[in-house]
Amino acid sequence: MYVRLKQFVFAIVVVAVTAMAALAAFAWSGVYDIGADDPHSKPVLGLLALVRDRSVGAQAASIAVPADLASEARIRQGAGNYDAMCSTCHLAPGLGDSELNRGLYPAPPRLDKMKVEPAQAFWVVKHGIKASGMPAWGKSMGDEYIWNMVAFLGALPAFDADKYRALVAESGGHSHGGAEPDDHGDAHDHDDASQHEGAAAGGASPDVPGAATDAVAVVDAFGAALVAGELAKVKAFLDPAVVVLETGGAERSRDEYMDHHAEADAKFLHGAHVRKTRRIARASGDAAWVATESVIHAHGSKPVTLLSTETMVLAKKAGQWRITHIHWSSREQ
Ligand code: HEC
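## A word on the domain arrangement of the protein chain
Assigned domains within the protein chain: domain 1 (59-203) and domain 2 (206-333). The junction of domain 1 with domain 2 conceals about 1,400 Å² of combined surface from both sides, 51% of it contributed by carbon and sulfur atoms. Across the domain 1-domain 2 interface, the total number found is 1 salt bridge. One salt bridge connects Lys 233 with Asp 68, and the closest N-O pair in it is separated by 3.9 Å. Elements represented by at least two residues in the side of domain 1 that touches domain 2 include exactly helix 3 (72-85) and helix 7 (143-155). Top contributing element to the side of domain 1 that touches domain 2 by residue count: helix 3, with 4 residues.

Have a look at this one:
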């Protein structure tokens, strides 16, 4: 019995070593065609898909999806980033084939024609997929911006080309609180090559260090909610004890602001085009501040262009950034 077991183990070792040697010889020989234009065989393709799907499923299983994922402000903010960062590979409504979409293998799926599972999409966007063209955007995007992107992906299949372009134009362009280069407020700056280099370079900028990106995302979502007139959302970003200073006046609590100026601010900003020209932010522990300069084209009763400066102070409470102080000042250009 003992001798038989020994022979059996020996046989297994011989088979394993032979298989490894064969694999090494195959790899060394260069016979394998590594070209992206030579598709995998069906079994290999099946195996790779299985590994990808099981891995993403397991890794994403414990991710909690934000309750307000269907919010218009999130979807709108995600639109500009999708157009700048994703559409060359994944295409978009009204966009024809691109060179990257045609040439990549595995091919990037058309995200405007498929439904994504939110937690899994969040994980894939943040971490990317090895040995495919899908980058790990978490190296340059804060989590809040990735959720805004996931919110946008959830809504995308329902958009036609006109709706898509309109959302991109309203979105405040390519902005995700860190790695994008300086003046990217305008969604139409597409021919600016540096825009894409900046996004690809990764890492936070000195003006907006990584620690501040989530606070910056809250400031952007607050601004987008105000422009969209979503006052419940506006309120949710404010600390109950917020102090708001604007045009020489003061409001000393969230209720006071919501009862007085919030509606007028939303009305003034309704449909306005806000182009951020400069942003500096700092965060340390549970405190952050975000200073933003922008040019606002509003067309309320009469068209007006304002140069606006804004300071927001934020505090992190129970893991969430909330705005505790706002100072707005502006003048006509
Ligand atoms: C350079 C090309 C490229 C860019 C840019 C890119 N992707 Fe991808 N993406 C891919 C490829 C290729 C895959 C498929 C990978 C695979 O199946 O192994 C993929 C897969 C995905 C998936 C998974 C889809 C599924 O099958 O469930 C999501 C979600 C996704 N990308 C979102 C994004 C978002 C959002 C952006 C922009 C922030 C983006 N991608 C930018 C190439 C790209």
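## Topic: the site of the ligand
Around the ligand, a shell composed of 20 residues is seen, among which Arg 52, Cys 86, Cys 89, His 90 and Met 134 lie nearest. Here Arg 52 contributes a side-chain N or O atom positioned 2.7 Å from an oxygen atom of the ligand. Within the side chain of His 90, a nitrogen or oxygen atom sits 2.7 Å from a nitrogen atom of the ligand. For the shell around the ligand, the elements supplying multiple residues, two or more each, are helix 4 (87-90) and helix 6 (118-127).

## Points about the sheet that holds strand 5 (residues 303-317)
Within the open sheet, the 6 strands sit side by side as 2-1-6-5-4-3. Their pairing is mixed. Strands with a single pairing partner mark the edges of an open sheet, and in this sheet they are strand 2 (249-251) and strand 3 (273-284). This sheet shows a mean twist of 15° between the axes of neighbouring strands, independent of strand direction. Bridge count for strand 4 (residues 287-299) against strand 5 is 13 bridges, and the pairing is antiparallel. What sits directly across from Glu 293, in strand 5, is Thr 309. Packing against the sheet, helix 10 (residues 213-228) makes contact with strand 1 (238-246), strand 3, strand 4, strand 5 and strand 6 (320-332), and its axis sits at approximately 60° to strand 6.

## Brief notes about the packing of aromatic side chains
Within this structure, the stated rule accounts for 8 aromatic pairs. With a centroid separation of 6.2 Å and 70° between ring planes, the pair formed by Phe 26 and Tyr 32 is classed as edge-to-face. Since its relative accessible area comes to 44%, Tyr 32 is described here as partly exposed. Considering the side-chain rings of Phe 152 and Tyr 164, the 6.3 Å spacing of their centres and the 50° angle between planes classify their relative orientation as tilted. In this pair, Phe 152 is assigned in helix 7 and Tyr 164 in helix 8 (residues 161-170), connecting sequence segments 12 residues apart. Relative accessible area serves as the criterion here: at 0%, Phe 152 is assigned to the buried category. Members of the aromatic cluster, each reached through a chain of ring pairs, are Tyr 82, Phe 152, Phe 159 and Tyr 164.

Cut-offs and rules
Residues numbered from 1 in each chain as written. Predicted model: local features only at pLDDT ≥ 70, side-chain atom pairs only at ≥ 80, totals over all residues. Heavy atoms only, no water. Domains from an automatic or database assignment. Buried area = accessible area lost by both parts, 1.4 Å probe. Salt bridge = Lys/Arg side-chain N within 4 Å of Asp/Glu carboxyl O. Helix = DSSP H or I, 4+ residues; strand = E, 2+ residues; numbered from the N terminus. Near = heavy atom within 4 Å. Polar contact = N/O pair within 3.5 Å; in protein donor to acceptor, adjacent residues only side chain to side chain. Pairing = 2+ DSSP bridges. Axes fitted to C-alpha atoms, helices over the stretch in contact; angles between N-to-C directions. Contact = heavy atoms within 4.5 Å. Phe/Tyr/Trp six-rings, centres within 6.5 Å; stacked < 30°, edge-to-face > 60°. Buried < 20%, exposed > 50% of the residue type's maximum accessible area, 1.4 Å probe, protein only.

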